[in-house]
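Overview (structure and organization)
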Amino acid sequence: IRKEIQNGVLRRGTNLVQGTLAERYGVSRIPVRSALQLIEKDGLIQKVNNKGSYVVTEYNKDEISEMIELSRIIELKVVADAFASLNSFALKQLTTLNRKIQNCSINDYNQFNFDFHLTLFSYSHKKHFKRFAAELRDNRPMYMSVKDYEDVQKAYEEHKKMIESIKDRDINLFLNLYEEHVCW
């Protein structure tokens, strides 16, 4: 359910009914209810009049801007801390993930992109910042930034430039590229 919301399959304003979802996924209502309660805590859905149904959250422009700003602040701290530890193995991981992004569908993009950024975060020593950055990224619907295949290619190209700046050990360029990347 979370992935379908993040990828835009379940669009903003879509009503989510436990019984319908249980049938769709071939499970009972109990795990669906538990899943919906967890997703509600993350803000991706909202309960409708205590009737057991939910609606996919519709964020306004100000809320989207706030989420992106918060992600930018936290992620920049994390990747700045991680930069010194980004070694040849990290570069290999990032390059492999970025190649997957280059040729992926828009539906697969969310997971590959999440893995790319999580790999960067994993080299940071800032435990709490990493956790918050990952949670913010995991709970942000991709419709906020990635709308079509051209956006996937744009992300691939930006990741490629970041990887090159890591190879060149240019932290200032890397941070500028990263900030620009997370703000669109």
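Described below are features of the structure shown in this document. Please read all numbers here as calculations on a predicted model, not as lab measurements.

Rules and cut-offs
- Residues numbered from 1 in each chain as written.
- Predicted model: local features only at pLDDT ≥ 70, side-chain atom pairs only at ≥ 80, totals over all residues.
- Heavy atoms only, no water.
- Pairing = 2+ DSSP bridges.
- Helix = DSSP H or I, 4+ residues; strand = E, 2+ residues; numbered from the N terminus.
- Axes fitted to C-alpha atoms, helices over the stretch in contact; angles between N-to-C directions.
- Contact = heavy atoms within 4.5 Å.
- Parallel < 35°, antiparallel > 145°, perpendicular 65-115°, else oblique.
- Left-handed = near helix turned anticlockwise from the far one by under 90°.
- Nonpolar A, V, L, I, M, F, W, Y, C, P; charged D, E, K, R; others polar.
- Buried < 20%, exposed > 50% of the residue type's maximum accessible area, 1.4 Å probe, protein only.
- Salt bridge = Lys/Arg side-chain N within 4 Å of Asp/Glu carboxyl O.
- Patch = residues over 30% accessible without salt bridge, like charges linked within 9 Å, V, L, I, M, F, W, Y side chains within 5 Å.
- Areas by Shrake-Rupley, 256 points an atom, 1.4 Å probe, with all protein chains shown as cover.
- Lys, Arg positive; Asp, Glu negative; His and termini not counted.
- Charge placed at Lys NZ, Arg CZ, Asp CG, Glu CD.
- Expected span 1.5 Å × (residues − 1).
- Polar contact = N/O pair within 3.5 Å; in protein donor to acceptor, adjacent residues only side chain to side chain.
- Phe/Tyr/Trp six-rings, centres within 6.5 Å; stacked < 30°, edge-to-face > 60°.
- Lys NZ or Arg CZ within 6 Å of the ring centre and 35° of its normal.

1. Quick word on the sheet that holds strand S1 (residues 15–17)
Here 3 strands make up an open sheet; going across it, the order is S1-S3-S2 and the pairing antiparallel. Sheet topology places S1 and strand S2 (45–48) at the edges, where each strand pairs with a single neighbour. Neighbour-to-neighbour, the strand axes of the sheet open up by a mean angle of 35°, direction not taken into account. The sheet contacts of helix H2 (residues 18–25) involve S1 and strand S3 (53–56), and relative to S1 the element is tilted by about 75°. The strands that helix H3 (residues 29–41) touches are S1, S2 and S3; relative to S2, the one it contacts most, it runs at about 120°.

2. Considering the packing of H2 against H3
Remark: H2 packs on H3, axes separated minimally by 9 Å, with the N-to-C direction vectors making an angle of 115°. On the basis of the axis angle, H2 is roughly perpendicular to H3. For the crossing formed where H2 meets H3, the hand is right-handed. Every residue of H3 that contacts H2 at Gln18, Gly19, Leu21 and Ala22 is listed here: Arg29, Val32, Arg33 and Leu36. A class-by-class count of the residues in the contact of H2 with H3 yields 4 nonpolar, 2 polar and 2 charged.

3. Structural notes on the pairing of S3
Alternating positions in S3 separate into two faces, Ser53 and Val55 on one and Tyr54 and Val56 on the other, with burial throughout. In terms of strand pairing, S1 meets S3 through 3 bridges, oriented antiparallel. Residue pairing in the sheet places valine 17 in a bridge with serine 53 of S3.

4. Points about the pattern of salt bridges
Taken as a whole and judged by the stated rule, the model has 6 salt bridges. Between glutamate 4 and arginine 24 there is a salt bridge; the shortest N-O distance is 2.6 Å. Linking glutamate 4 in helix H1 (residues 2–6) with arginine 24 in helix H2, this pair joins segments that are 20 residues apart in sequence.

5. A closer look at a negative patch on the surface
A contiguous patch of negative charge, built from Asp62, Glu63, Glu66 and Glu69, is present on the exposed surface. The partly exposed category is assigned to glutamate 69, whose relative accessible area is 44%.

6. Quick look at helix H4 (residues 61–82)
Between its first and last C-alpha atoms H4 spans 31 Å; for 22 residues at 1.5 Å apiece the expected length is 32 Å, and the two agree. Within the sequence span of H4, burial applies to Ile64, Met67, Ile68, Ser71, Ile74, Glu75, Leu76, Val78, Val79 and Ala82. Against helix H6 (106–122), helix H7 (127–139) and helix H9 (171–182) lie the buried residues of H4. Measuring from the backbone nitrogen of aspartate 62 back to the side-chain oxygen at the start of H4 gives 2.9 Å, which picks out asparagine 60 as the cap.

7. Considerations on the packing of aromatic side chains
As enumerated under the stated definition, the model contains 2 aromatic pairs in all. Measuring from centroid to centroid gives 5.3 Å for phenylalanine 83 and phenylalanine 174, while their planes differ by 40°, and the two rings are tilted. Highlighted residues: phenylalanine 83 in the loop between H4 and helix H5 (88–102) and phenylalanine 174 in helix H9, separated in sequence by 91 residues. Among the residues examined, phenylalanine 83 registers a relative accessible area of 5% and is labelled buried. Look at phenylalanine 174 and you get buried, because its relative accessible area is 0%. Counting every residue linked through ring pairs, the aromatic cluster contains Phe83, Phe174 and Tyr178. Over the face of the ring belonging to phenylalanine 132 we find arginine 131, whose NZ or CZ atom lies 4.6 Å from the ring centre. Seen from the ring of phenylalanine 83, arginine 169 lies directly overhead, with NZ or CZ sitting 4.6 Å from the centre.

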